[in-house]
Amino acid sequence: CLPANQERFASGKLATVQFHPSAQVVMTAGHDRSVSLFQVDGIRNPKIQSIYLESFPVYKACFSVDGEQVIATGTHHRMFFVYDMMSGSIIPIQKVRGMDERFLRSFELSPDGSFMLVTGTSGYLHLLSMKTKELVSTMKINGRCTASAFTPDSRQIYSYSKEGEVFIWDVRSRKCLHKFEDEGSLEGKCIAVSRNNQYVACGSASGVVNLYATDACLKASHPKPVKAIMNLVTSATCVTFNPTTEILAVASCEADEAVKLV
């Protein structure tokens with residue numbers, strides 16, 4: 001295959017690569033302060049457009065569930081940008097009322113398209129409305145939150161703490177339903193829930209990725225992993241399931257080509 005972004009290679013580190021949910025379009029975004037869209041045809045992969053965000057190195061960018069917006073957060077900013085693909089306008093969200101954070105970096109979008117979950121400091125999690133980009137509610141875990149994931153039905157949130165605990169939240173009531181300890185985890189790094197809600201994968205700083213059955217996570221406080229994946233030797237920084245829940249990808253950004261498909 002040709003490089004997807006061959007018509008415009010980034011001059012800085014790429015932070016995000018994501019396919020559009022319904023069109024044959026791929027987005028790249030990164031530290032060169034730009035978000036680029038490419039039509040993926042396999043022949044030329046023509047660039048659709050690049051959006052330049054002045055003095056705003058992108059930490060993470062993500063398509064909205066309907067594919068009509070791109071949300072982008074920066075590496076050292078309390079604001080974030082919304083790019084409206086229909087109108088072509090870039091909307092800066094300067095400050096969310098009620099959310100007192102120095103930086104906005106890590107976030108997740110709910111699969112039903114109604115919420116944006118922002119990971120704050122000191123264990124705070126901020127739930128924003130995708131429609132208005134206003135704060136709906138704030139939750140807090142013990143310790144520091146390093147990663148979160150919505151369940152496929154958007155009804156629950158799994159939040160992974162730096163101390164290796166996973167908190168399960170009810171989205172509607174914003175109450176903590178349960179918490180469990182990730183076995184052998186010295187420092188939590190990343191978490192994923194499979195599309196069929198059968199498994200939860202937790203990746204830690206030691207490089208071990210534990211795979212749990214969702215039922216066990218909801219009941220036991222020290223669930224036994226179905227499988228412990230030991231292939232990575234550096235910190236596991238990304239875990240994700242394929243849509244049919246047959247493959248789990250585990251990766252580390254701390255070593256070249258540290259990607260394993262299980």
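The following refers to the structure shown. None of the values given here were measured: they were computed from a predicted structure. (Residues numbered from 1 in each chain as written. Predicted model: local features only at pLDDT ≥ 70, side-chain atom pairs only at ≥ 80, totals over all residues. Heavy atoms only, no water.)

### Notes on the overall build of the protein
In terms of regular secondary structure, the protein is built from one helix and 23 strands. Whereas a compact globule of 262 residues would reach a radius of gyration of roughly 18 Å, the protein reaches 18 Å, a difference of no more than 12%. Over its C-alpha atoms, taken along the principal directions, the protein stretches across nearly 50 × 45 × 30 Å. Within the protein, buried positions represent 48% of all 262 residues. Surface accessibility of the protein: about 13200 Å² in total, with carbon and sulfur atoms responsible for 51%. Averaging the locations of the 27 positively and 25 negatively charged side chains of the protein gives two centres separated by 4 Å. (Helix = DSSP H or I, 4+ residues; strand = E, 2+ residues; numbered from the N terminus. Rg over C-alpha atoms; globule rule 2.2 N^0.38 Å. Buried < 20%, exposed > 50% of the residue type's maximum accessible area, 1.4 Å probe, protein only. Areas by Shrake-Rupley, 256 points an atom, 1.4 Å probe, with all protein chains shown as cover. Lys, Arg positive; Asp, Glu negative; His and termini not counted. Charge placed at Lys NZ, Arg CZ, Asp CG, Glu CD.)

### Re the nonpolar core
Counting 16 residues, the largest nonpolar core has Met27, Val35, Leu53, Val58, Ala61 and Val70 as the members making the most contacts within it. Of all elements in the fold, only strand 2 (25–30), strand 3 (34–39), strand 5 (58–63), strand 6 (69–74) and strand 7 (80–84) reach the threshold of two or more residues within this core. Residues contacting Met27, with those up to four places away along its chain left out, are Thr16, Val17, Gln18, Val35, Ser36, Leu37, Ala61, Cys62, Phe63 and Val70. With 14 residues, the next largest nonpolar core counts Phe80, Leu104, Phe107 and Leu128 among its residues. (Core = buried A, V, L, I, M, F, W, Y, C linked by side-chain atoms within 4.5 Å. Contact = heavy atoms within 4.5 Å.)

### Points about the pattern of salt bridges
Taken as a whole and assessed by the stated rule, the structure comprises six salt bridges. Salt-bridge contacts for Glu7 lead to Arg44; the nearest nitrogen and oxygen are separated by 3.0 Å. Separated by 37 residues along the polypeptide, Glu7 in the segment before strand 1 (14–19) and Arg44 in the loop between strand 3 and strand 4 (47–52) bring together distant segments of the chain. Its relative accessible area of 48% is what places Arg44 among the partly exposed residues. With its nearest N and O atoms 3.7 Å apart, the salt bridge here joins Lys189 to Glu187. The class for Lys189 is partly exposed, based on a relative accessible area of 31%. (Salt bridge = Lys/Arg side-chain N within 4 Å of Asp/Glu carboxyl O.)

### A word on the packing of aromatic side chains
One pass over the full model with this rule turns up two aromatic pairs. Aromatic pair Phe56 and Phe81: ring centres 4.8 Å apart, planes at 90°, arrangement edge-to-face. With Phe56 in the loop between strand 4 and strand 5 and Phe81 in strand 7, this pair connects stretches of sequence that are 25 residues apart. You'll find Phe56 and Phe81 in the same group, each marked buried. Judged by centre distance (5.5 Å) and plane angle (65°), the rings of Phe180 and Tyr212 are edge-to-face. Taken together, the positions of Phe180 in strand 16 (residues 176–181) and Tyr212 in strand 19 (residues 209–213) put the pair 32 residues apart, joining distant regions of the chain. For Phe180, a relative accessible area of 1% corresponds to the buried category. The buried category is assigned to Tyr212, whose relative accessible area is 0%. (Phe/Tyr/Trp six-rings, centres within 6.5 Å; stacked < 30°, edge-to-face > 60°.)

### Concerning unusual backbone geometry
Even without being a glycine, Arg33 presents a positive backbone phi close to 65°. Of note, Arg33 is situated in the loop between strand 2 and strand 3. Of note, Ser55 is a non-glycine position whose phi angle comes to about 45°, a positive value. Tracing the backbone through its elements, the reader meets Ser55 in the loop between strand 4 and strand 5.

### Comments concerning the pairing of strand 2
Across the six residues of strand 2, six count as buried, placing the element largely inside the fold. As paired strands, strand 1 and strand 2 are joined by five bridges and run antiparallel to one another. Residue pairing across strands places Val17 opposite Thr28, the latter belonging to strand 2. Hairpin geometry of strand 1 and strand 2 is characterised by an intervening segment of five residues between the two adjacent antiparallel strands. In this structure, strand 2 lies alongside strand 3, joined through five bridges in antiparallel fashion. Of the residues in strand 3, the one forming a bridge with Thr28 is Ser36. Hairpin geometry of strand 2 and strand 3 is characterised by an intervening segment of three residues between the two adjacent antiparallel strands and by a positive phi of about 65° at Arg33. (Pairing = 2+ DSSP bridges.)

### Observations concerning the pairing of strand 21 (residues 238–241)
Taking every second residue as pointing to the same face, the buried face of strand 21 carries Val239 and Phe241, while none of Cys238 and Thr240 on the other face is buried. In this antiparallel pair of consecutive strands, strand 21 and strand 22 (residues 248–251), the connection spans six residues, and Thr245 shows a positive phi of 60°.

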